[in-house]
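Here are the chains, one letter per residue:
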Amino acid sequence: MTTIISLTILGVLTLFLGIMKKQSWLLPVILLGLVVSMVLTLRDWNTFSSYYNGMIIVDNVSVAFSMALIFSAFLIFSLAAHYYRGVLRPLDDIYGVMIFALLGAVMMTSYGNLIMLFLGIETLSIALYVLAGSHKEAVTSNEATLKYFLLGSFLSGFLLFGIALIYGSSGSFDLGRISAFVTSCAGIYPPMFLAGLFLLIIGLAFKIAVVPFHFWAPDVYEGTPTLLTAFMATVVKTAAIIAMYRFFTHTFHGIHGVWDTTIWVMAALTILLGNLTGLYQPNLKRMLAYSSISHSGYMLLAVVAFSAMSDNALLLYTLSYSIATILAFAILILIREAHGNDYFSSLNGLAKTNPSIAFCLTIAMLSLAGIPPLAGFMAKYYLFTTALEQGLLWLVIVAIAGSAISVAYYFKPIMAMYLKESNGIKLMVETPYKVSIFFMALLVVLIGILPFLVIGLL
Amino acid sequence: MSAESLILFFIVGAFLVGFAIVFSIFVAPTSTNPQKAEPYECGIPTEGLTWLQFNVGYYLFAIIFLIFDVEAVFIFPWAVVMKEMGMIAFVEIVIFFFVLGLGLLYAWKKGALKWE
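What you see is a predicted model, and the numbers here were worked out from it, not measured in a lab.

Draft legend 1. Spatial organisation of the overall build of chain A. In terms of helices and strands, chain A carries 19 helices and 2 strands. Since a compact globule built from 458 residues should have a radius of gyration of about 23 Å, the 21 Å found for chain A is in line with a globular shape. With the principal axes as the frame, chain A shows a C-alpha extent of 70 × 55 × 40 Å. By residue count, 55% of the 458 residues in chain A fall in the buried class. In chain A, once contacts between residues fewer than 6 apart in sequence are set aside, the share between residues at least 24 apart is 80%.

So, in structure tokens, the structure goes:
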């Protein structure tokens, strides 16, 4: 709860720094504010309290995921000074809207009531529609925001109708009451409840970009300004997956049946199609978009394999995925600035001109592919063991096959960097930007070597 | 609620709506004349295309008006329970006004209220 209040105050403060013409204060205040709100979030650890008649329930899972979200946002803001250095217009509105999007994401990790879930998703989405179009002069950015807005608002309707049908059959928006209703059904659910559940899954799957509902993702990711694409691919995805996870863990308590077959099929399709389509992408940004689609398939494994361990596995997975993805996007920003495009040929010979940057991109790619000893491997290992313990043998086989396919496209940039001849353009990097890149690379290695830092938490 | 009643609901719903439309065609008195096809029965028809760009200022004003519109929606239920809640309700609504006021102040300072 203190997280939500502190982030609201930070967002308003950002806007008011803008109208007081204190542009140079913006980023220091935001970074400090995010640290403060992380500290305030940590104070809720082990308190297990609920606010406003169960509208918001703060437990250790929600605290841990809120921390992960704010930390990802912190990493993204640490890149913002470099990304926007040539922009003359005031940036307080973009930063403010980013913080409000983060606020929506935090609401989605700690909701105890479906109304709160919808409110969180809308706070997040409306902010994102604005952010996707925040580069007003670029046609691609306009296209991205229009596509995202039309599809997003349509799918929000699905979600809302799903919530209404669940309310109609169970008589409450409260997760605890719905859980009691599920228990009282004893396996035979009324059709209206099932229809509601189905629509709710569709609405959330759109936000996560899971396969039958993923078509918007590559186009929107490509058109959105790169820094904000990193925000979409990490913060938004983590928030949506934890919202789905929270719904099913709080209402079904491990009762398997109707819903997990649907998610099983969606996870398998996402992993296969995401990785196979990823093979054919001509540039790094679209490749990362498909990589993020296929990773949402792996994350769905945790939703299907709900058990005592899955909280931890999902936390480790989202954290390692987020850090590696932000790292990859950070280097993508540099490449787009230097070359004006991000085709794989632009990466040629980067190992000779900028060896340290090339090494960091290699770490990110290997971690996303799941090569030991990096964070991505440990995350996949824990996630797949959790799924195996729940008897999801075939899904794990599909996931491992998907990982094997993904190695092919994650090695494309690495081969371009190390084996091709250089085209002679050296990337210009300032020291603070380099520090945040190295910090993220270090984190990826550190989580890979010492996964118990995260895995023992929940 | 079982599946049968849900299906029945759809059938009855479709029938009733269809019935109302068809019934009104037969029952309602109809008279047609060229005047009826015009956009305004009184006044002059519009000149040129209506698909033109509107000044973005209208939208800004509409959005800022929304602040006060929503404010009014929240004040009515507040006024109903104010007596029972007492001081807490008062403090809450003051915080609410304060936040809305900040929004208006931001819009004002950003120049959204200036008509160009």
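Draft legend 2. Local environment of the overall build of chain B. Helix and strand counts for chain B stand at 3 helices and 0 strands. Walking chain B from its N terminus toward its C terminus, one meets helices and strands in the order α-α-α. Computed over C-alpha atoms, the radius of gyration of chain B comes to 26 Å, more than 25% over the 13 Å expected from 2.2 N^0.38 for 116 residues, which places it beyond the range of a compact globule. Once the C-alpha set of chain B is aligned to its principal axes, its extents read approximately 60 × 55 × 25 Å. Evaluated residue by residue, chain B yields a buried proportion of 0% over its 116 residues.

Draft legend 3. Just the nonpolar core, in detail. Residue and element names in this part refer to chain A. Judged by nonpolar contacts, the single largest core of 166 residues is most densely connected at Leu 102, Leu 301, Leu 327, Ile 331 and Val 444. It is helix 13 (residues 310-339) that provides the largest number of residues to this core, a total of 19 residues. Apart from the residues within four sequence positions on either side, Ile 331 is in contact with Ile 357, Cys 360, Leu 361 and Ile 437.

Draft legend 4. Structural detail: unusual backbone geometry. Residue and element names in this part refer to chain A. Residue Pro 373 is bonded to the preceding Pro 372 through a cis peptide linkage, with omega at 5 degrees. Locating Pro 373 in the fold gives a position in the loop between helix 15 (355-369) and helix 16 (375-389). Phi at Ala 209 is positive, roughly 70 degrees, even though this residue is not glycine. Positionally, Ala 209 belongs in the loop between helix 8 (191-208) and helix 9 (216-223). Judged by local crowding, Ala 209 falls into the buried class, with 29 C-beta atoms found within 10 Å.

Draft legend 5. Spatial organisation of helix 1 (residues 2-19) of chain A. A rise of 1.5 Å per residue sets the reference length of helix 1 of chain A, with its 18 residues, at 26 Å; its end C-alpha atoms lie 26 Å apart and thus fit the reference within 8%. Considered for burial, the residues of helix 1 of chain A that qualify are Thr 3, Ile 4, Ser 6, Leu 7, Leu 10, Gly 11, Thr 14, Leu 15, Leu 17 and Gly 18 of chain A. The inward-facing, buried residues of helix 1 of chain A contact helix 2 (26-42), helix 3 (60-83) and helix 4 (92-109) of chain A together with helix 3 (87-109) of chain B. Looking one or two residues beyond helix 1 of chain A, the residue adopting positive phi is Lys 21 of chain A, at roughly 60 degrees.

Draft legend 6. Quick look at the environment of Tyr 111 of chain A. Residues and elements named next belong to chain A. Tracing the backbone through its elements, the reader meets Tyr 111 in the loop between helix 4 and helix 5 (114-132). With 26 C-beta atoms packed within 10 Å, Tyr 111 lands in the buried category. For the pair Tyr 111 and Asp 174, spaced 63 residues apart in sequence, the C-alpha separation works out to 9.5 Å. Setting aside its immediate chain neighbours within four residues, Tyr 111 contacts Ile 56, Met 116, Leu 117 and Gly 120.

Draft legend 7. Up close: the interface of chain A and chain B. Taken together, the contacts link 7 residues of chain A with 7 residues of chain B. Of all the secondary structure elements, the ones that give two or more residues to the side of chain A that touches chain B are helix 1 and helix 8 of chain A. Residue contributions to the side of chain A that touches chain B peak at 3 residues, all from helix 1 of chain A. Taken together, the residues of the side of chain A that touches chain B sort by class into 6 nonpolar, 1 polar and no charged.

Draft legend 8. Representation of the packing of helix 16 of chain A against helix 18 (residues 431-449) of chain A. Residue and element names in this part refer to chain A. Between helix 16 and helix 18, the shortest axis-to-axis distance is 7 Å and the interhelical angle comes to 40 degrees. Of the possible angle classes, the one that applies to helix 16 and helix 18 is oblique. Residues Ala 375, Phe 377 and Met 378 of helix 16 touch helix 18, and the partners they reach there are Val 444, Ile 447 and Gly 448. When the residues that make up the contact of helix 16 with helix 18 are grouped by side-chain class, the tally is 5 nonpolar, 1 polar and no charged.

Draft legend 9. Layout of the environment of Ala 144 of chain A. All names here are of chain A. Structurally, the position occupied by Ala 144 is in helix 6 (residues 139-170). For Ala 144 and Lys 237, which are 93 residues apart along the polypeptide, the C-alpha to C-alpha distance reads 17 Å. In contact with Ala 144, other than residues within four places in its own chain, are Ala 132, Gly 133, Asp 219, Val 220, Gly 223 and Thr 224.

Draft legend 10. Fine view of the environment of Thr 325 of chain A. Residues and elements named next belong to chain A. For Thr 325, the location among the structural elements is in helix 13. What makes Thr 325 buried here is the crowd of 24 C-beta atoms within 10 Å. For the pair formed by Thr 325 and Phe 231, sequence separation is 94 residues and the distance between their alpha carbons is 9.7 Å. The contact partners of Thr 325, leaving out residues within four places of it in the chain, are Ala 230, Ala 233, Thr 234, Leu 288 and Ser 292.

Draft legend 11. Region of interest: the confidence of the model for chain B. Residues and elements named next belong to chain B. Looking at chain B, pLDDT values average 84 and 97% of them are 70 or higher. The spread of mean pLDDT over the elements of chain B runs between helix 2 (residues 56-85), the lowest at 85, and helix 1 (residues 3-27), the highest at 90. Taken together, the chains of this predicted complex give a pTM of 0.88 and an interface ipTM of 0.75.

Rules of the game
Residues numbered from 1 in each chain as written. Chains lettered and ligands numbered in written order. Predicted model: local features only at pLDDT ≥ 70, side-chain atom pairs only at ≥ 80, totals over all residues. Helix = DSSP H or I, 4+ residues; strand = E, 2+ residues; numbered from the N terminus. Rg over C-alpha atoms; globule rule 2.2 N^0.38 Å. Buried ≥ 20, exposed ≤ 12 C-beta atoms within 10 Å, placed from the backbone. Contact = placed C-beta atoms within 7 Å. Core = buried A, V, L, I, M, F, W, Y, C linked by C-beta atoms within 7 Å. Expected span 1.5 Å × (residues − 1). Nonpolar A, V, L, I, M, F, W, Y, C, P; charged D, E, K, R; others polar. Axes fitted to C-alpha atoms, helices over the stretch in contact; angles between N-to-C directions. Parallel < 35°, antiparallel > 145°, perpendicular 65-115°, else oblique. pLDDT = per-residue confidence, 0-100.

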